[in-house]
Amino acid sequence: MLLLLKSTSLGFRLSRRFPNPGIYLPYPSRRLSIISRAMGSVAGDAARLSYPPARRDDSVVDTYHGVPVADPYRWLEDPDSEDTKEFVASQAELAESVLAGCADRDNLRREATRLFDHPRHGAPFRRGDKYFYFHNSGLQAQSVLYVQDSLDGEAEVLLDPNALSKDGTVALSTYSVSKDGKYIAYGLSESGSDWVTIRVMNIADKQTLSDKLSWVKFSSISWTHNGKGFFYGRYPAPREVELDAGTETNINLNHEIYYHVVGSDQSEDILCWKDPEHPKYSFGASVTEDGKYIILGIYEGCDPVNKLYYCEISTLPQGIEGFKETKEMLPFVKLIDNFDAQYHVVANDGDEFTFLTNRNAPKNKLVRVDIKKPELWTDILSEHERDVLESADVVNGNQLLVCYMSDVKHILQIRDLVTGTLLHKLPLEIGSVSEISCRREDTDVFIGFTSFLSPGIIYRCNLTSAIPEMKIFREISVPRFDRTNFEVKQIFVNSKDGTKIPMFIMSKKDIELDGSHPTLLYGYGGFNISLTPSFSVSRVVLCKNMGFVVCVANIRGGGEYGEEWHKAGALAMKQNCFDDFIACAELLIYAGYTSYRQLCIEGGSNGGLLVAACVNQRPDLFGCALAHVGVMDMLRFHKFTIGHAWTTDYGCSDDEEEFRWLIKYSPLHNVRKPWEQSFVNCCQYPAIMLLTADHDDRVVPLHSLKLLATLQYVLCTSIEDTPQVNPIIGRIDRKSGHGAGRPTKKMIDEVADRYSFMANILGASWTE
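Scoring rules and cut-offs
Residues numbered from 1 in each chain as written. Predicted model: local features only at pLDDT ≥ 70, side-chain atom pairs only at ≥ 80, totals over all residues. Heavy atoms only, no water. pLDDT = per-residue confidence, 0-100. Contact = heavy atoms within 4.5 Å. Pairing = 2+ DSSP bridges. Helix = DSSP H or I, 4+ residues; strand = E, 2+ residues; numbered from the N terminus. Axes fitted to C-alpha atoms, helices over the stretch in contact; angles between N-to-C directions. Domains from an automatic or database assignment. Buried area = accessible area lost by both parts, 1.4 Å probe. Salt bridge = Lys/Arg side-chain N within 4 Å of Asp/Glu carboxyl O.

Mean pLDDT over the protein chain stands at 93; residues scoring 70 or higher make up 93%. Predicted confidence for residues 23-46 stays below pLDDT 50, and this span has 86 contacts to residues more than four positions away or in other chains.

As structure tokens, then:
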């Protein structure tokens, strides 16, 4: 089973999908502004910020299908130019001057540090005769990988990323242990970049070998069962010799799959697959659990669809190594050769494969086929009427551990592999399954669980007993957090078109619905990604110490109700995402949780786009907005790094019809002076913080920089006596990327900055 590492606030989450490129100096104090009630008042002192001038080049105009579109800040697309560096430096100084005046910045940093300082464990997994698990003692920058001979044996440090950099910015991004437990191949990322360098360690003596594989991105690591080597994916090395990997914006093309033999140089790696006729495709290769087949997944973007080819290792006369001299690619057989659905291998018994698929089943189902006789496909577990089949793992020989999502909450079942018959329902609180650690040969399964009020539990489930029992193996405890003081509700909000949108609401118990509570509304809405319940230290601090109501909206575009829900918020239907989010905000005000002056919206990546688009469309509805690493230029996103993969969700401006969707909501192209529009009370834009990072090579910083320059010019500096006095600032982190692998201290510092800004704007006060 393919296990890929994903960092979370609780340690590590294991994903069973191929990597998807879709989508944490003192200056003088300056207090934030206060605005009259007619303008949508916020807290702070009356002071209009003085924004640093940014050069406009009005000569830069592109024509899209006969429509001229100006791009006066095109120069900010060059991260290495002196003008861009000067702009970034001046914006950093402005942001620090604002943040220095936020009264509760130190309180937030102190309390977040206290709550973060608790031990966290990942679920153990077995390879060979050893067990492995991740552990963070509390404030360690990165979690540490441990190894032990048995579950109750003495644990030893195997791999400590904290020893690889002084500031904790080298992170473990992926790893794979060979079947015999002899080697671990692991990928390291620097400063949050998506670029990964793979190294190999001998587990017995903990010695790192000479192997070093560069220019790896969006790659799994999958060992052949003989332990001689592994498959991985990479891009051609860039032409620039002195490249600071992660700061470049070059488009990523021509992904390739290689096989690396342990102990050899990367130049000797065996090219297994490439497709120069389709340079935007990406690939993932994995070895089946029985070691018989190599499975090749082919992806054209971020949609849950893929082609699927296979290669039987025993049919290679001289093995994989025999292709080194021939310069030929492996002879893959095309089982699925179109992008009509997703096919994910669950198990195989020889030539008979079980797949999880969404073919004619938008909520997913399990099917079986003999790959040598692919004419007949049989449904093993049909699509559920309401619930989404998220994952299926084979355990204990011929049993399935099945995870469903029902109204954004996870359900676990044990079923028969052959028939799909339900055998047992596993007891689980309302929340999320954060990780599953098991293999077909295992009788014990380890299940990670989390919720808004549960920091994390690892259950051990033994499947040999007549009735499987979920026993707590480890439980995470957060000091000074008493869950009984809080409550979580799930409500359903009617969107503009009547669709019911789930929303979770977390707060202190028994709050009075008098419209007085500062409120944070978070959303994402894209790429089939679901926002299931999870624990967050920062949410706890906001509710516990500042009286916040914290809400998570499960808007369309995500995967909460399957592929139909996803498609209802993508491409031509993208406006549904914004309508859903706006409807959730309006409900919070109407129901008496908050007022528009005390409501902040937040989102990251695609969620950053969500926040910026909603601010453009309804500036009157929010007091504050926090947009992290957002996709802001919807006309040019496909030209940088892996942006071309997102066209499956957004469309592309090269197509006339799709251009007309995009131009309507693109944050960069829809900044308007609201006091000149038809809004009540002559409103202004809410206070805004745009967050980005210098090594974000997923959503490159130019998106946030161009929008920041545009907002400050259009709203703040283009006219005298502008009504816009709410601050608009950018937080530009250094030695950070899109979010993964961020060290603990950087996460805490960002929490203190963005939420002290928000609290100051909304007038929230600190209580111990």
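Further notes follow.
Pairing between the strands of a sheet is mediated by backbone hydrogen bonds and can be parallel or antiparallel. With respect to topology, eight strands assemble into an open sheet ordered 34-35-37-36-38-39-40-41, the strand pairing being mixed. The outermost strands of the open sheet, each flanked by one partner alone, are strand 34 (486-494) and strand 41 (728-733). Here the strands of the sheet are splayed against their neighbours by 20° on average, with no regard to which way each runs. Where strand 40 (residues 687-693) meets strand 41, six bridges bridge the pair, whose relative direction is parallel. Residue pairing across strands places I688 opposite I728, the latter belonging to strand 41. Relative to the sheet, helix 1 (residues 82-99) contacts strand 40 and strand 41, its axis offset from that of strand 41 by approximately 110°.

Parsing the protein chain into structural domains produces domain 1 (65-113 + 480-762) and domain 2 (169-302 + 306-340). The distance between the C-alpha centroids of domain 1 and domain 2 comes to 35 Å. Taken residue by residue, the interface counts 27 residues in domain 1 and 24 residues in domain 2. When domain 1 packs against domain 2, close to 1,900 Å² is buried across both sides, 54% of that on carbon and sulfur atoms. The largest contributions to the domain 1 side of the interface with domain 2 come from H644, H695 and D697, which together make up 32% of the buried area. Put simply, domain 1 and domain 2 have two salt bridges between them. Note that K217 is salt-bridged to D697, the shortest N-O span being 3.9 Å.

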